[in-house]
Amino acid sequence: MVKICSYCGCENQESFNFCSNCGRPLIPKEEKNLIIDYKKLIIISYVVTIIFSWGGLIFNLLFNSYGFFGIIGLFLPFYLIQSKNKSVKKHGYIQIALSLIGILLSLLLIFYI
Ligand SMILES: [Zn+2]
């Protein structure tokens, strides 16, 4: 087995932690992709959570309808907090808080306007 440098493509021995050609760290490819996927997932989850929970609020304001679809915005954060990755978990809790504020405001609008 050889480790292929993801920066310069140089083949390195399995035991090497740094590329013998360019000196950059040799991160296994799957692991590197996983980190990027987590970042993507967090960003997508933020967007979806905000669109659904706060979008529901705007929907209520504009159309005076019962836009309960704000609750859909809770699904992704609940998925995130089950992650073993601490930073993913933290973002999950932040998103749940954001979502709950949006839903709470929607409910207030429904009952008081
Ligand atoms: Zn290299």
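All right, on to the overall build of the protein chain then. A tally of regular secondary structure across the protein chain gives 3 helices and 2 strands. Secondary structure of the protein chain in N-to-C order comes out as β-β-α-α-α. The 113 residues of the protein chain split such that 27% are buried. Sequence separation of at least 24 residues holds for 44% of the intrachain contacts in the protein chain that already meet a minimum separation of 6. Accessible area for the protein chain stands at about 8,000 Å²; split by element, carbon and sulfur atoms hold 68% of it.

Residues given the UniProt feature "transmembrane region" (unreviewed entry) here are residues 41–59, 65–81 and 93–112. The span residues 41–59 is 100% helix and 0% strand, and its two end C-alpha atoms sit 26 Å from each other. Counted over residues 93–112, helix gives 100% and strand 0%. Its end C-alpha atoms are 28 Å apart.

What follows covers the coordination of the zinc ion. Within the protein, the zinc ion binds to Cys-5 (SG), Cys-8 (SG), Cys-19 (SG) and Cys-22 (SG); these donor distances fall in the range 2.2 to 2.4 Å. In this structure, the zinc ion is coordinated by 4 donor atoms arranged in tetrahedral fashion, with angles at the metal of 105 to 118°. Taken in sequence order, the residues that donate to the zinc ion follow the motif C-x2-C-x10-C-x2-C. Pair noted here: Cys-8 is in the loop between strand 1 (2–4) and strand 2 (11–13) and Cys-22 is in the loop between strand 2 and helix 1 (29–63), with a separation of 14 residues, a long-range link.

Within the fold, Asn-12 resides in strand 2. Polar side-chain contacts of Asn-12 include one of 2.7 Å to the backbone nitrogen of Ser-20. When neighbours within four sequence positions are excluded, Asn-12 is seen to be in contact with Val-2, Lys-3, Cys-5, Phe-18, Cys-19, Ser-20, Asn-21 and Leu-26.

This next bit is on a nonpolar patch on the surface. On the surface, Ile-58, Phe-59, Leu-61, Leu-62 and Phe-63 cluster together into a nonpolar patch covering about 550 Å² of accessible area. Topologically, Phe-59 is positioned in helix 1. For Phe-59, a relative accessible area of 37% puts it in the partly exposed group.

Here helix 3 (residues 86–112) is 27 residues long and its end C-alpha atoms lie 39 Å apart, about the 39 Å a rise of 1.5 Å per residue gives. What helix 3 keeps buried is the set Val-88, Gly-92, Gln-95, Ile-96, Ser-99, Gly-102, Ile-103, Ser-106, Leu-109 and Ile-110. Where helix 3 starts, the residue carrying a side-chain oxygen 3.0 Å from the main-chain nitrogen of Ser-87 turns out to be Asn-85.

Definitions and limits used
Residues numbered from 1 in each chain as written. Predicted model: local features only at pLDDT ≥ 70, side-chain atom pairs only at ≥ 80, totals over all residues. Heavy atoms only, no water. Helix = DSSP H or I, 4+ residues; strand = E, 2+ residues; numbered from the N terminus. Buried < 20%, exposed > 50% of the residue type's maximum accessible area, 1.4 Å probe, protein only. Contact = heavy atoms within 4.5 Å. Areas by Shrake-Rupley, 256 points an atom, 1.4 Å probe, with all protein chains shown as cover. UniProt positions renumbered as here; feature names shortened; annotations may be inferred. Donors = N, O, S within 2.8 Å, 3.2 Å for Na, K, Ca; no water. Tetrahedral: all angles 85-135°; square planar, octahedral: opposite > 155°, others 65-115°. Polar contact = N/O pair within 3.5 Å; in protein donor to acceptor, adjacent residues only side chain to side chain. Patch = residues over 30% accessible without salt bridge, like charges linked within 9 Å, V, L, I, M, F, W, Y side chains within 5 Å. Salt bridge = Lys/Arg side-chain N within 4 Å of Asp/Glu carboxyl O. Expected span 1.5 Å × (residues − 1).

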